[in-house]
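Examination of the molecular architecture
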Amino acid sequence: EVRIVGPGQDPAGAKPLHPWQQPADPVRYWVSRLAPAGGLVAAPWAGAGTVGVVCRSVGLRYVGTERDRATWAAACGRLRGDPAGDHPGAEAPTP
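Residues numbered from 1 in each chain as written. Predicted model: local features only at pLDDT ≥ 70, side-chain atom pairs only at ≥ 80, totals over all residues. Heavy atoms only, no water.

**Points about the pairing of strand β3 (residues 61-65)**
Threshold: Residue exposure (1.4 Å probe, protein chains only): buried if accessible area is under 20% of the type maximum, exposed if over 50%, otherwise partly exposed. Note on conventions: DSSP H or I runs of at least 4 residues are helices, E runs of at least 2 residues are strands, and numbering of each starts at the N terminus. Strands were regarded as paired on the criterion that DSSP finds at least two bridges between them.
Covered by surrounding structure in β3 are Y62 and G64 only, the residues R61, V63 and T65 on the alternate face being uncovered. In this sheet, β3 lies alongside strand β2 (residues 40-43) in parallel orientation, the contact comprising 4 bridges. When the bridges of β3 are listed, L40 appears paired with R61.

**Some details on the pattern of salt bridges**
Any two side chains of opposite charge can pair, so long as their charged atoms come close to each other. Operational definition: Any Lys or Arg side-chain nitrogen located within 4 Å of an Asp or Glu carboxyl oxygen qualifies as a salt bridge.
With the rule as written, the count across this model stands at 1 salt bridge. Linking R28 and D25 is a salt bridge whose minimum nitrogen-to-oxygen distance equals 3.0 Å. Of this pair, R28 and D25 both sit in helix α1 (residues 24-34), 3 residues apart, which is roughly one turn of the helix.

**Focus: the confidence of the model for the chain**
Heads up, the condition is: Across the chain, each position has a pLDDT score giving the predictor's confidence in that residue, from 0 to 100. When checking whether two residues touch, look at their non-hydrogen atoms; a contact exists if any pair is within 4.5 Å.
Here the chain averages 75 in pLDDT, while 65% of its residues score no lower than 70. For the chain, strand β1 (residues 2-5) is the element with the lowest average pLDDT, namely 46, and β2 is the one with the highest, namely 93. Every residue in residues 2-12 is under pLDDT 50, and counting partners more than four places away or in other chains gives 42 contacts.

**Looking at the packing of α1 against helix α2 (residues 50-58)**
Our working definition: In this analysis an axis means a line fitted to C-alpha atoms, helices contributing only their contacting stretch, and an angle means the value between N-to-C directions, from 0 to 180 degrees. With respect to orientation, any angle under 35 degrees is reported as roughly parallel, any angle over 145 as roughly antiparallel, any angle of 65 to 115 as roughly perpendicular, and every other angle as oblique. Left-handed describes a crossing whose near helix is turned anticlockwise from the far helix through less than a right angle; right-handed describes the clockwise counterpart. We call Asp, Glu, Lys and Arg charged. Ala, Val, Leu, Ile, Met, Phe, Trp, Tyr, Cys and Pro are nonpolar, and the rest, Gly among them, are polar.
At their nearest, the axes of α1 and α2 sit 9 Å apart, and the two run at 60 degrees to each other. Judged by the angle between their axes, α1 and α2 are oblique. At the point where α1 passes α2, the crossing takes the right-handed sense. Contacts between α1 and α2 involve A24, V27, R28 and V31 from the first element and T50, V51, V54, C55, S57 and V58 from the second. Its residues assigned to classes, the contact of α1 with α2 comprises 7 nonpolar, 2 polar and 1 charged.

**Let's talk about the nonpolar core**
Quick note on the threshold: For this analysis, a nonpolar core means a set of buried residues of the types Ala, Val, Leu, Ile, Met, Phe, Trp, Tyr and Cys, connected via side-chain atoms within 4.5 Å.
With 12 residues, the main nonpolar core is built from V27, V31, A35, V41, A43, A46, V51, V54, C55, L60, Y62 and L79. Elements supplying a minimum of two residues to this core: α1, β2 and α2.

**Some remarks on the side chain of E66**
Put simply, the test is: Within this scheme the basic residues Lys and Arg register as positive and the acidic residues Asp and Glu register as negative, but His and the chain ends are omitted. A 3.5 Å cut-off defines polar contacts: any pair of N or O atoms within that distance qualifies, except that in protein one atom must be a possible hydrogen donor and the other a possible acceptor, and neighbouring residues in sequence count only when both atoms are side-chain atoms.
Relative to the assigned elements, E66 resides in the loop between β3 and α3 (69-79). In this structure E66 is buried but unpaired, with R67 as the nearest side chain of opposite charge at 5.6 Å. Looking at E66, its side chain comes within polar contact range of the main-chain nitrogen of G47, at 2.8 Å. Looking at E66, its side chain comes within polar contact range of the main-chain nitrogen of D68, at 3.2 Å.

**Digging into α3**
Counted residue by residue, α3 has 9 buried out of 11 residues, so it is predominantly covered. Inspection of α3 places T71, W72, A73, A74, A75, C76, G77, R78 and L79 among the buried residues, and these make up the whole buried set. G81 sits one or two positions beyond α3 and adopts a positive phi of about 110 degrees.

Spelled out as structure tokens, the structure:
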């Protein structure tokens, strides 16, 4: 289960979805070693949702918060499977 309320390069290599977006490999390294199997990872600053995407890929639950609505919409898009996030002008999901 992955939820986001309210950092890697986008796969096309265009521009980051968030100013401090993290690559997935280092996040995967730490999350898979620090969280118990099936555990819950909380990210108080969800950013572009990299931690959530990684958690989903390794079978962990995730909850994240993000105060910036555009960044939140991009993270929600990534968690729904759109690697570039929501497209510009797309309505953000209702919190």
